Structures are given as C-alpha cells and as structure tokens.
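# Commentary on secondary and tertiary structure
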Amino acid sequence: MASLMIDYAVFVVLILVSILVAIWSKCSGPKEKTKADYVFATTSVSMAAMLLSIARGFLGVRVFLGYPSELFYRGSEMWQTLYGMVIAFPLISIFFVPVYYSLGITSVYQYLDLRFKSRLVRCLASGTYIIRSVLNLGVTVFTPCVALKAVIGLPYWASIVSITFIGVSFCIMGGLRSAITADVVQGVIMIICSGVIILHGMITAGGPLNVIKIAHDAGRLEFFNSELDPTLRVTTMSAVVGQLFMSLSIFGCQQNFVQRYCSMSSQSKVICSLRLIVPVMIVLFSLSWVVGMVIYANYSQCDPLKLGCISKIDEILPFYLEEKFYFMPGFLGLVMASLFNGALSFLVSNLNSLATVCYEDFVALLPCCQGLSETTQLVLIKLMSVFCGLLVMGTAFVVANMSGVIESSMLMTSATSGPLLGVFLLAMFFPSANWKGAAGGMILSHIFVIWITYGRQLIDKPPEPLLPTSIEGCGDNPFGTCSIQPSGNFTNSLLDVLYDDRPDPEVIPTINGDWVMYLFSLTYMYYALIGTMITVISGLIISYVTSCCSEENEYDENLIHPLALRLSKLFPGKKRCYKTSSDMNGTKSPAAGITTISEKMQGNQINGNAHYNTMELYKTQSNHL
C-alpha cells in the first residue's frame, strides 16, 4: 500500500511539474504578441530543442508502449521502417524545404492555394489533415488510459478530460514555443525511463551479450527479409518503401512539422536540423526495441500472456514494470506519468497546428474575417485550439466505447498519407499540373485507397501467427497473484489496432475475381505509395485533358522547385509562361524597375523577417471553389 501511495504521489507531482513548466515558459520567455509569434515561436527556439521536438512529434506513446511488445511477440521486422525514415529526411531538406520555407505562410496548405490558385485544393488538403489529426489525437489521448486504468486505477474519463484540459491550457498559454518545451521535457523523461528499464533488465538477464543472444536465438532479431510478396504484413521492401512515402507525407507535407521548420531563423539551420535529426531518430526509435529485448530476455521462458496474467500483448511493458520494479517505489508512477505527459505533449504540439490550419484555411477565408488585427487573429486561433481540443476529447470518448473507431482512425491515417504527398509533388515538381488535376487526383486517390482499406477488413485473411513463446520456466505461481487483469472491451491492444490482420469472423462476403482479393490483401504499408501514385498520375492526366492557355494556369515560377523548373525548360515544345512577381501583385513588370517577390524575400531574409513579412507579397485571388 505504501508503495502504491508513492506511485500515486509521483504521478501527480510530475503532472504538476509539466503544468508549471508551461507556466514558467509563458512568464519567462518572449511574449507572443502576434500570430507569427504564436505559430512560429519567432527565433527563440534552439536547434537542440527543435531536434528533440521533431523526434518526439513522431516517436511518442505508441512507440514507447507498442514496440517492446512488437519485438517480444513478433520480432524486429517492423524495426526496418527506420530505414525509410532515415532516407526521408535528406529528401525533405533537398526537395521540400527550399520551396516553401521563405513563403511567409502560417499554414503549409496556403502553398497549394498559391500554386494552384484554388481554394478547393487547399481545403481538400487541409481538411484531410484536420480529419486525420483529430482521429489520431483521439487515439493518442486514449492509448495511455488503458495502462493508467490497469496499473493505477485512473478512470478513463479522468484521464481523457485531464489530458485534453491541460493540453488546451498549454496551447492558450504558449503557442508553439510551449509545445516545443513540453516535447523536450517529456522526451527527456521518456529517455531516462527507458534507460533505467534497459539497465535493470540487462543486469537481471545476465548482461547485454546474453540479452542479445537470447533474442537472437529465439528469432527476434531479423533485420532483413528478402520476400517480395506485397501481401505479407511487413518485409524489408514494404517497410522501406512504405515508411519512406509515409515519412515524406508526414514530415514534408504535414502542418505540425513544417511549422517547426519555419520557426527557425534561417533555411540553413532547417537543413542542418534535418540532417542532425537522423541520428536522434535512430537512437530514440531503437530505445523502445532494446526495452523489448530486455523484457524478452527476462520472460523468454515464462510468457505472461500465455500464462494468462495479461490479456493483450501491449500490456507486457506495464506488467514487467509492476513485477520487476517493486523495489523502486515511485518508478511505476514515473512511467505512468510519462505516458500521460507523452500523450499530453503530443496533443499540445498538434493542437497548435490544428488551430492554425483551421483558422488560416477556413475561418480566415470568410468575408467577415478579412482585415482583422493581429491581436484579434491571435485570439481566434486560440479559440480554435479550444474547439479542436473538444473535438479530440469527444473522439477519445468515442474510442473508449466503440473499438471500431480506433481502427477507422488508423486506416484514415494510412489512406490520407498518399493523397497529401501526391498533391504536394504535383505542385512542386510538375509545372503543367493545374488545380483541376490536383483536386481530381486527390479525390480519386482517396476513393481508391479507402476502398481497398475497407475491403481488407472484409476478406477472410488469416492473421499472421505470433512468434512462439514458452512457459516451461515458470514453475509454480511465478508472478504471485497477477495484478493486471483483463478490463473488458476497453483494453484494445495498440498493436492489435495498428497492425490488425484479423478478419471479422461474422463478415466473410463472397468476392468475385481473384485480382480483387489480391488487392484487398495488400499490406497497409503500401497504401501511402498507392495513394501517391494515383494522385500524381491521375492528376497529370486530368491536367493535360483540361489544360488551356487561359491566365488561370499562370503562376509565379518561384513556387516550383528550382530543379524541376530547369528540367522543364529542356523539354521540346511550347515554353510555359509564368507570371512575374509584380504581375501577381497587380503592378508593372520587373523590367520597369519593380522589385520581384524573390528579391523582396531575399531582402527580408537579410533583415531576419523572412517568415512572416512576405506573406502579403503572395496574396492571390482564389476563384475556383
């Protein structure tokens, strides 16, 4: 009882510390007087904090809870997704950052409006991001609630309301700078907890070499699978290709990450950060897998799942902590607080981005919101963060009562990565693409990918079996009275949801045509690739069919990647006409002595104001709804 009270105390204290950190950041740091200060945190963010924040934005509670059980029961094949992430960052620094870093936009989807001169394309992209983010945030908020209820006994409603309320408060107080501060604090705590678990586990398992040997001998350490069958859950090919396209979509086209890039003072710092993030991601990503290795080394001869002490594979980590760390009162509370605060920091980071997108891409386009002062705009963005927080909280409550919503949100994430990446590729690298092709490509891609993800749930595809485990070394009542008990329908496994291959036994329809069955059987790892290819190919075809010589297809050449622009000029045929910067602003041509957009941007960079002061230079009419 005394140990449990200490765990409770540590849990509460750490949550209070997180709140105090946000208050301290608000009171001690630069004041956020404008929309740019709130959205981009001006230049007050250090490179080290930005690196950890970007890494934490992707590697959160899902990684900390999910990957140890993934290694324990399924091996290290999913670790190969790291290859795709590592390849993605250099590509983003080369192809994405140079295009929109200095545009002076607060929503990355404004770039699509500038490029295609279409609010429809912009709203399709930003709406996709909003829906995906709200669903994912609902899952993220609910995920630690399972462990918190199972170990500490905290009710679902208390966890959900607390995380949402504190997250919204953080956004109101500090904007992006507060979000980055929260990311850094939670990232450090998570690293410390992982280090303690690894150190203790290696000692009890006989040292690091023995940990590696046990995992290797049991087939848990396989880092290359040459199978090319696209219906297999994960292979080296599907892990690398699939994660590459998902990472390009997430880190190159998603508001919360682009927002972080633009908060830095120069493009060179952004590129340097994206290069340095690679080793940071490798270390943080691998920590959870090493945790899984030490857990397996300790339980290799006595699997708690097979013994009946746990009911889901992702309960293995909290069970291990409760069973092994009884001698460290408060450590379990520290880990549970890390899960709580991890979901909190992820919520804060994404609420800031969601509020910005909602305002810039929807509210700010309303006639009544034109010409508002900076203070009014800042207040509206903060109000939007409250609104988005309520949506996330409602989604989390739905997740707690309807398990199918979890799976739906995961499928939405997979289905929307491709269309988002595809429309940005059309905009940046294909000068002939127009708004009709971009919008049509996104719509067709969404329809097709959602169709195959839905069909995948209907076919009678047997699940891939878990790796074998043993209970031969358990003896009589090895764990005493198992303290983690099944908690009904609410203990949906995070990995079962994320990597669910199990069909509904009650729904096995007859599908005519083997090719349809094969299509539905494709691993979800390829959905981002499929969505991207459909968007680009169909977008180019539609653009070609609907192309004309009207003024609507003219835009500033600075909105195209320089490499794509040079290559397009080498092709034969009629050369494309671009609007000059002055034409876009209704002034005379640059030849008459008017400064171009790019020249003004360079001047603003010299003055240190490239992020926000150039926005008005890019204003354009968007008449295609």
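Right, let's get into the state of the cysteines. Overall, the coordinates contain one disulfide when judged by the stated rule. Across the disulfide, C302 is cross-linked to C474 (sulfur-sulfur distance 2.1 Å). The disulfide joining C302 to C474 has a torsion of about 115° about its S-S bond and is therefore right-handed. Taken together, the residues C302 in the loop between α12 (267-299) and α13 (304-307) and C474 in the loop between α18 (435-456) and α19 (494-498) connect sequence positions 172 residues apart.

Now for the confidence of the model for the protein. Of the residues in the protein, 74% reach a pLDDT of 70 or more, and the chain-wide mean stands at 76. Below a pLDDT of 50 lies the segment residues 403-407, which in the model reaches 10 contacts outside its immediate sequence neighbourhood of four places, other chains included. Of the regions scoring below 50 in pLDDT, residues 584-625 engages in 77 contacts with residues more than four places distant in sequence or in other chains.

Next up on the list: a nonpolar patch on the surface. On the surface, M533, I537, I541, Y544 and V545 cluster together to form a nonpolar patch covering roughly 570 Å² of accessible area. Along the polypeptide, I541 turns up in helix α21 (residues 527-545).

Turning next to the side chain of D7. Within the secondary structure, D7 sits in helix α1 (residues 2-28). Apart from the residues within four sequence positions on either side, D7 is in contact with P329, G330, F331, L332 and G333.

In this section: the environment of A415. Structurally, the position occupied by A415 is in helix α17 (residues 403-429). Exposure remark for A415: the relative accessible area of 1% places this residue in the buried category. Residues A415 and V449, 34 residues apart in the sequence, show an inter-C-alpha distance of 5.5 Å. Not counting residues within four places of it along the chain, the set of residues in contact with A415 comprises H446, V449 and I450.

Turning our eyes to something else, we now look at the packing of aromatic side chains. Centre distance and the angle of the planes are the two values used to describe a pair of aromatic rings. For the structure shown, the criterion picks out 21 aromatic pairs. Note on Y326 and F327: the rings are 6.1 Å apart at their centroids and 85° apart in plane angle, and the pair reads as edge-to-face. Owing to a relative accessible area of 43%, F327 belongs among the partly exposed residues under this scheme. Grouped by ring-pair contacts, the aromatic residues Y299, F319, Y320, F325, Y326, F327 and F331 constitute a single cluster. If you follow R115 out to its NZ or CZ, it ends over the ring of Y555, 4.0 Å from the centre.

In this section: the packing of helix α10 (residues 236-253) against α21. Taken N-terminus to C-terminus, the directions of α10 and α21 make an angle of 60°; their axes are 7 Å apart at the nearest point. By the angle between their axes, α10 is oblique relative to α21. Every pair of crossing elements has a handedness; the one defined by α10 and α21 is left-handed. Residues V241, G242, F245 and M246 of α10 lie in contact with α21, whose contacting residues are A528, L529 and T532. Looking at the contact of α10 with α21, its residues break down into five nonpolar, two polar and no charged.

With that settled, consider α18. With 22 residues, α18 should cover 32 Å at 1.5 Å per step; its first-to-last C-alpha distance of 32 Å lies within 8% of that length. Capping the start of α18, N434 holds a side-chain oxygen 3.1 Å from the backbone nitrogen of K436, two or three residues further along.

A word on the nonpolar core. In terms of nonpolar packing, the biggest core is built from 162 residues, with F96, Y111, L112, F116, M336 and F424 touching the most fellow members. Top contributing element to this core by residue count: helix α15 (residues 331-361), with 18 residues. Counting five residues, the second largest nonpolar core, distinct from the first, contains Y555, I560, L565 and Y578.

Located in the positive-phi region is K117, a residue other than glycine, with phi close to 50°. Note on placement: K117 falls in the loop between α6 (110-116) and α7 (119-151).

Contact geometry for α12 and helix α14 (residues 316-324): axes closest at 11 Å, N-to-C directions at 60°. Between α12 and α14, the interaxial angle falls into the category oblique. The interaxial crossing formed by α12 with α14 has left-handed handedness. Side by side, α12 and α14 meet where V291, I295, N298 and Y299 of the first sit next to I316, L317, F319, Y320, E323 and K324 of the second. Residues of the contact of α12 with α14, tallied by class, amount to seven nonpolar, one polar and two charged.

The rules behind each value
- Residues numbered from 1 in each chain as written.
- Predicted model: local features only at pLDDT ≥ 70, side-chain atom pairs only at ≥ 80, totals over all residues.
- Heavy atoms only, no water.
- Disulfide = S-S within 2.5 Å.
- Helix = DSSP H or I, 4+ residues; strand = E, 2+ residues; numbered from the N terminus.
- pLDDT = per-residue confidence, 0-100.
- Contact = heavy atoms within 4.5 Å.
- Patch = residues over 30% accessible without salt bridge, like charges linked within 9 Å, V, L, I, M, F, W, Y side chains within 5 Å.
- Areas by Shrake-Rupley, 256 points an atom, 1.4 Å probe, with all protein chains shown as cover.
- Salt bridge = Lys/Arg side-chain N within 4 Å of Asp/Glu carboxyl O.
- Buried < 20%, exposed > 50% of the residue type's maximum accessible area, 1.4 Å probe, protein only.
- Phe/Tyr/Trp six-rings, centres within 6.5 Å; stacked < 30°, edge-to-face > 60°.
- Lys NZ or Arg CZ within 6 Å of the ring centre and 35° of its normal.
- Axes fitted to C-alpha atoms, helices over the stretch in contact; angles between N-to-C directions.
- Parallel < 35°, antiparallel > 145°, perpendicular 65-115°, else oblique.
- Left-handed = near helix turned anticlockwise from the far one by under 90°.
- Nonpolar A, V, L, I, M, F, W, Y, C, P; charged D, E, K, R; others polar.
- Expected span 1.5 Å × (residues − 1).
- Polar contact = N/O pair within 3.5 Å; in protein donor to acceptor, adjacent residues only side chain to side chain.
- Core = buried A, V, L, I, M, F, W, Y, C linked by side-chain atoms within 4.5 Å.

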